[in-house]
2 protein chains.
Amino acid sequence: MRQNELIRAAYEGKSTLVIKNARVINVFTKEITKADVAVYEDIITGIGSYSGENEIDANGAYLAPGFIDAHVHIESSMVIPSSFMRVIMPHGTTTIIADPHEIANVAGVAGIRAMYKLTDDLPLRVLYMLPSCVPATPFEHSGAKLVAEDMEQFMHKSRILGLGEVMDANSVINCSQEMLDKLRLFDGKPIDGHAPLLGGMGLNAYRVAGAFSDHECSNYDEVKEKLATGMRILLRIGSAANNMDEIMQRIAYEKLPTDNMMFCTDDKHIEDIRRQGHINANARMAVAAGLDPIDVIRMTSYNAARAYGIRGVGAIAPGYKADMVLLEDLKDFKVKEVITRFGLPYTGEEPIPSPLLPPQVFHSVRLPKITKDSLALRCGASAPAIKMKPHQLVTELVYRDVKRDENGCFIPDGDLMKLAVIERHHATGSMAVGILEGFGLKHGAMASTVAHDSHNLVVVGDNDDDMLMAIEALSECGGGYCVVSRGVVLARLPLPIAGLMSNAPVNEVLELQQALLDAAYSLGTKRDNDPLTALSFMALPVIPAAKMTDEGLFDTINFRFIKYSD
Amino acid sequence: MRQNELIRAAYEGKSTLVIKNARVINVFTKEITKADVAVYEDIITGIGSYSGENEIDANGAYLAPGFIDAHVHIESSMVIPSSFMRVIMPHGTTTIIADPHEIANVAGVAGIRAMYKLTDDLPLRVLYMLPSCVPATPFEHSGAKLVAEDMEQFMHKSRILGLGEVMDANSVINCSQEMLDKLRLFDGKPIDGHAPLLGGMGLNAYRVAGAFSDHECSNYDEVKEKLATGMRILLRIGSAANNMDEIMQRIAYEKLPTDNMMFCTDDKHIEDIRRQGHINANARMAVAAGLDPIDVIRMTSYNAARAYGIRGVGAIAPGYKADMVLLEDLKDFKVKEVITRFGLPYTGEEPIPSPLLPPQVFHSVRLPKITKDSLALRCGASAPAIKMKPHQLVTELVYRDVKRDENGCFIPDGDLMKLAVIERHHATGSMAVGILEGFGLKHGAMASTVAHDSHNLVVVGDNDDDMLMAIEALSECGGGYCVVSRGVVLARLPLPIAGLMSNAPVNEVLELQQALLDAAYSLGTKRDNDPLTALSFMALPVIPAAKMTDEGLFDTINFRFIKYSD
């Protein structure tokens with residue numbers, strides 16, 4: 001009778017852990033009180049004067065509820081959830097709301113189940129939103145398609161909170177039946193929005209349809225308009241630059257209520273988390289912007305728990321879960337100690353269960369036979385090309401006079417390389433070849449199976465032999481990234497789980513990633529774009545102006561494919 | 001395809017009603033904007049510049065979300081829900097969270113079903129918490145007993161939000177199995193607390209057990225301690241006096257965060273509502289106490305909807321329910337117009353459905369044969385009596401030298417009257433007779449079937465004939481109140497629904513109530529207590545110091561029965 005035991009423990013002051021002498025932050029009264037906090041197993045049972053067998057002396061440090069990342073794609077870290085946990089927990093994050101959108105695009109329901117399993121018994125509380133847009137667009141072939149019917153099986157799982165970011169705002173506003181079915185299925189549960197710059201009546205319709213949050217705001221006015229419609233605003237600090245500091249300054253200056261605001265990272269590289277922090281980095285920026293530190297603490301925890309209906313999380317009060325974080329101050333948010341959801345101090349050495357994953361997840365790279373013929377690109381003397389721009393993911397659509405062989409096929413030359421995207425999930429043979437300008441790699445090829453959002457195989461190169469070898473190198477290891485030159489694999493980061501994640505230790509992954517960069521740069525790849533990121537976003541047909549999917553070169557402004565030849 | 005239609009209406013600006021030129025209060029941004037509000041059927045679809053076929057010109061009045069009463073017992077109004085609605089809706093209340101505790105004590109599950117049916121299609125949104133303490137105490141016989149098993153059938157009803165006020169804090173803290181079963185059944189749903197003056201580790205245990213709100217705070221320190229534990233604080237203004245104005249002043253002065261505070265009435269007489277208002281009276285007092293008017297608007301609506309998880313209620317924003325209230329100002333909260341949950345202006349003349357009620361509810365007064373012998377009270381020369389105190393419900397336990405007949409039975413004399421409580425639900429014959437001092441009625445009797453919380457029949461009188469006639473008069477009409485003198489029924493208010501509520505028009509009920517008071521006063525009843533209320537609380541064995549149940553005279557301080565004879 002656990003309920004019984006907890007009630008008695010609270011009444012009698014019994015504890016399994018006591019945090020002594022803390023400055024306890026109360027998110028309800030917005031006060032800070034010097035007190036001890038008693039924990040029984042994983043539940044806080046009292047705040048006051050306590051002692052027990054297991055004590056941690058806080059020495060006057062601030063005790064806050066564990067931080068919550070309200071929207072994150074674990075797959076983007078390129079490591080499995082337990083490794084990701086090792087990177088974020090030292091920064092005070094004890095709960096994440098993850099959207100397994102990437103693995104779902106590769107392995108569908110089996111991918112979601114794998115992520116669920118991989119996070120079952122972690123000291124980190126991992127909650128999920130079910131991906132709403134698989135595939136993300138109709139202009140590519142993903143590994144799976146999820147309709148409302150596929151999602152029903154997950155509805156009653158305790159760690160599934162709602163529907164993941166509804167990126168396809170158009171299909172909502174235009175009442176696509178497939179989308180409405182999903183929205184109806186999640187009626188009454190949290191439904192994450194994702195609607196950059198959507199406003200006015202389009203936003204009204206999006207809200208009426210049920211989208212309840214947004215993490216894409218890029219300026220203050222957008223924050224305010226969306227907040228006014230009742231949307232929860234997720235202030236994101238990921239790896240991509242945005243003007244979040246300016247937004248936060250305006251929020252503070254205009255005294256916009258923050259009780260419906262919270263923090264997220266969305267996509268943040270491991271090395272950035274290590275260097276800058278995780279949700280504590282958002283908190284640091286918010287306080288620097290002039291927001292009240294206790295309001296900021298609420299944004300790191302309570303506000304998110306309340307918005308997403310995470311029971312018993314986000315406060316230090318009797319009956320709440322014991323995950324907490326000890327902070328040296330409320331300015332830098334440097335973390336002294338973390339208490340996990342198990343009510344235990346986080347050590348970094350907790351044993352991690354190794355669940356059995358379904359085979360689809362481990363053997364996700366399934367290619368047809370690719371030959372030089374497959375890579376041949378017949379085109380005119382003037383041919384369309386995707387032109388990269390420095391320091392951004394947006395591209396330009398240009399036409400270039402190109403070198404061709406006797407069959408009228410494109411020959412890489414100067415700054416013009418060959419780019420191919422190959423459907424890699426079901427060996428359907430769907431693939432497309434095109435021309436890329438501005439990547440800069442010479443005498444080699446680079447390939448990736450991380451290619452948002454369908455995660456097909458993307459390969460770029462200036463000669464077919466190296467391109468074929470790069471494809472082969474990834475096929476062999478179950479996906480990942482590689483750089484090949486003159487018949488030699490210079491560097492390879494295997495990502496055997498769905499072609500997206502590694503189960504190797506974090507440091508090894510970071511080293512291999514660095515080796516990839518070094519190899520790419522050594523071959524002349526331009527330094528004004530991270531080549532890994534550039535490659536991984538080359539197939540995303542929602543970013544202007546031109547991208548390439550397995551179905552062909554895509555004009556993402558006019559939403560149409562451009563043919564190289566008839 | 002309604003979802004479809006609503007999304008299109010929002011996108012295209014189509015409306016069924018437009019409120020023009022309002023000062024729209026936004027609970028998210030805490031701003032007031034001059035704008036029009038578009039409504040499509042029962043849903044708000046946009047705020048901005050709109051026009052439509054049906055328009056209401058607000059003429060610059062304040063438009064707020066409809067008010068929410070977060071805790072109320074409809075039965076205490078003595079009228080059926082549709083009549084209660086007629087009293088409160090003109091004051092801007094569009095949603096109530098009702099606890100059918102009274103009717104459940106009479107008719108159990110059938111009573112709850114009846115209340116649910118009676119509120120099915122009302123313009124007022126009636127939500128329920130399931131009564132947790134039926135019977136309220138083990139010292140009396142109620143009409144029904146509800147255990148967790150009985151409640152399961154209600155769990156998936158859309159208008160049942162959670163578990164009603166857990167009055168029996170002791171059984172929680174002491175882990176009574178029956179209570180824990182109920183708490184477990186409602187785990188994760190709102191569980192209303194009711195724990196006057198509970199603090200410290202007792203409160204911690206109560207919170208750990210799951211009680212999530214409190215409406216019994218009688219001073220600021222209690223508010224603050226309970227708020228600090230994460231309890232939602234319901235600031236109550238009912239008919240009983242409390243020092244709510246002082247509490248509100250301290251909240252304002254100390255700047256205690258109000259986002260977990262909301263308003264309720266609990267028990268408020270119809271005449272008090274008519275005179276002072278309903279939730280708008282709480283708002284008026286809060287603003288007068290110095291709280292920010294927009295924070296107060298949040299307390300009237302948004303905070304309660306958020307706390308109790310009432311979807312789409314409590315804000316004026318696209319996708320939210322259309323119930324709103326137009327206010328002349330944010331000081332007196334005088335109501336100009338009310339928009340119902342159907343998105344229509346409230347007229348007071350909406351047709352009310354008349355659902356068929358189960359027979360248990362209409363024929364709830366079931367008595368054994370009561371004779372003069374039943375009313376005989378054998379006692380000693382000095383006998384215990386309940387002594388009433390002016391202007392309060394608490395009593396005193398006194399011993400008096402009494403007049404007795406030749407059989408040693410008590411004879412009413414001077415200020416000592418006979419008081420009887422008779423189990424009236426199942427004609428079990430369980431009844432008790434005792435002595436009451438200070439009521440003041442001469443040559444007659446007064447009786448009631450409204451007798452908290454078990455609602456047995458209470459009768460007081462100075463002669464057995466009139467007492468028997470009063471019992472008979474109530475038995476005949478299915479319960480209610482009556483005053484009898486010298487063989488004549490001077491006044492009677494029939495409450496045929498569970499012996500608690502009338503289905504007569506409100507004015508008729510008020511007139512009969514006045515007639516009862518007039519009759520009672522004409523017979524010498526003291527004016528320092530409302531005799532109806534005094535009678536109705538005479539059988540509540542949780543109010544000090546002595547009360548009387550069907551099981552006998554009860555010492556409510558030492559929790560034991562006192563015998564008149566061996």
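Residues numbered from 1 in each chain as written. Chains lettered and ligands numbered in written order. Predicted model: local features only at pLDDT ≥ 70, side-chain atom pairs only at ≥ 80, totals over all residues. Heavy atoms only, no water.

Here we look at the overall build of chain A
The helix and strand tally for chain A stands at 18 helices and 28 strands. Taking 24 Å as the expected radius of gyration for a compact globule of 566 residues, we find that chain A reaches 25 Å, a close match to that expectation. For chain A, the residues scored as buried account for 64% of the 566 residues in total. Sequence separation of at least 24 residues holds for 69% of the intrachain contacts in chain A that already meet a minimum separation of 6. Counting only carbon and sulfur atoms, one obtains 49% of the accessible surface of chain A, whose full area is about 20000 Å². Taking the 55 positively charged and 72 negatively charged side chains of chain A as two groups, their mean positions are separated by 2 Å. (Helix = DSSP H or I, 4+ residues; strand = E, 2+ residues; numbered from the N terminus. Rg over C-alpha atoms; globule rule 2.2 N^0.38 Å. Buried < 20%, exposed > 50% of the residue type's maximum accessible area, 1.4 Å probe, protein only. Contact = heavy atoms within 4.5 Å. Areas by Shrake-Rupley, 256 points an atom, 1.4 Å probe, with all protein chains shown as cover. Lys, Arg positive; Asp, Glu negative; His and termini not counted. Charge placed at Lys NZ, Arg CZ, Asp CG, Glu CD.)

Focus: the interface of chain A and chain B
Each partner contributes residues to the interface: chain A has 53 residues there, and chain B has 53 residues. Taken together, the two surfaces of chain A and chain B that pack against each other cover about 4300 Å², and 58% of this comes from carbon and sulfur. Here chain A is connected to chain B by eight salt bridges. Its salt-bridge partner being Arg306 of chain A, residue Asp259 of chain B comes within 2.9 Å of it at the nearest N-O pair. The interface formed by chain A and chain B contains 18 residue pairs in polar contact (both at pLDDT 80 or more). The set of elements that each furnish at least two residues to the side of chain A that touches chain B consists of helix H1 (2-12), strand S3 (43-48), helix H5 (169-173), helix H6 (177-185), helix H7 (200-209), helix H8 (220-228) and helix H13 (302-308) of chain A. No other element matches H1 of chain A, which puts eight residues into the side of chain A that touches chain B. Class assignment for the residues of the side of chain A that touches chain B results in 25 nonpolar, 16 polar and 12 charged. (Buried area = accessible area lost by both parts, 1.4 Å probe. Salt bridge = Lys/Arg side-chain N within 4 Å of Asp/Glu carboxyl O. Polar contact = N/O pair within 3.5 Å; in protein donor to acceptor, adjacent residues only side chain to side chain. Nonpolar A, V, L, I, M, F, W, Y, C, P; charged D, E, K, R; others polar.)

A few points about empty space enclosed by the protein
In this approach a probe as big as a water molecule rolls over the atoms, and the regions it shows empty are the leftover space. Residues and elements named next belong to chain B. For the structure shown, the criterion picks out seven cavities of 30 Å³ or more. The volume enclosed by the largest cavity comes to roughly 60 Å³. Taken together, Met388, Lys389, Gln392, Leu393, Val394, Thr395, Ala534, Phe537, Met538 and Lys547 make up the full set of residues lining the largest cavity. In terms of residue class, the lining of the largest cavity is made up of six nonpolar, two polar and two charged. Its volume calculated, the second largest cavity comes out at about 50 Å³. Counting only elements with at least two residues in the lining of the second largest cavity, the list comes to helix H10 (270-276) and helix H17 (506-522). It is H17 that contributes the most residues to the lining of the second largest cavity, three residues altogether. Of the residues contributing to the lining of the second largest cavity, the split by class is four nonpolar, four polar and one charged. (1 Å grid on protein atoms, 1.4 Å probe; cavity = no way out; pocket = protein on both sides within 12 Å on 5 of 7 lines; lining within 4 Å. Points joined across faces, edges and corners; volume = space filled by probe spheres on them.)

Thoughts on the nonpolar core
The biggest cluster of nonpolar side chains holds 388 residues, and the ones touching the most others in it are Ile19 of chain A together with Ile19 of chain B. Not counting residues up to four positions away in its chain, the partners in contact with Ile19 of chain A are Ala35, Asp36, Val37, Ile56, Ala58, Leu63, Met324, Leu326 and Ile339 of chain A. (Core = buried A, V, L, I, M, F, W, Y, C linked by side-chain atoms within 4.5 Å.)

Comments concerning unusual backbone geometry
All names here are of chain B. With an omega dihedral of 0 degrees, the bond running from Val134 to Pro135 counts as a cis peptide bond. If you trace the backbone, Pro135 turns up in the loop between strand S8 (125-130) and helix H4 (148-151). Along the chain, Pro544 connects to Ala545 via a cis peptide bond; the corresponding omega equals -5 degrees. Take Ala545: it is sitting in the loop between helix H18 (531-536) and strand S26 (546-549).

Topic: the sheet that holds S26 of chain B
Residues and elements named next belong to chain B. Taken together, three strands build an open sheet; the order of strands is S26-S27-S28 and the sheet is antiparallel. The open sheet has two edge strands, S26 and strand S28 (560-562), and neither has a second partner. Averaged over all adjacent pairs, the angle separating strand axes in this sheet is 40 degrees, with direction ignored. Bridging between S26 and strand S27 (residues 552-555) involves four bridges; their strand directions are antiparallel. Among the inter-strand pairings, Lys547 is bridged to a residue of S27, identified as Phe554. (Pairing = 2+ DSSP bridges. Axes fitted to C-alpha atoms, helices over the stretch in contact; angles between N-to-C directions.)

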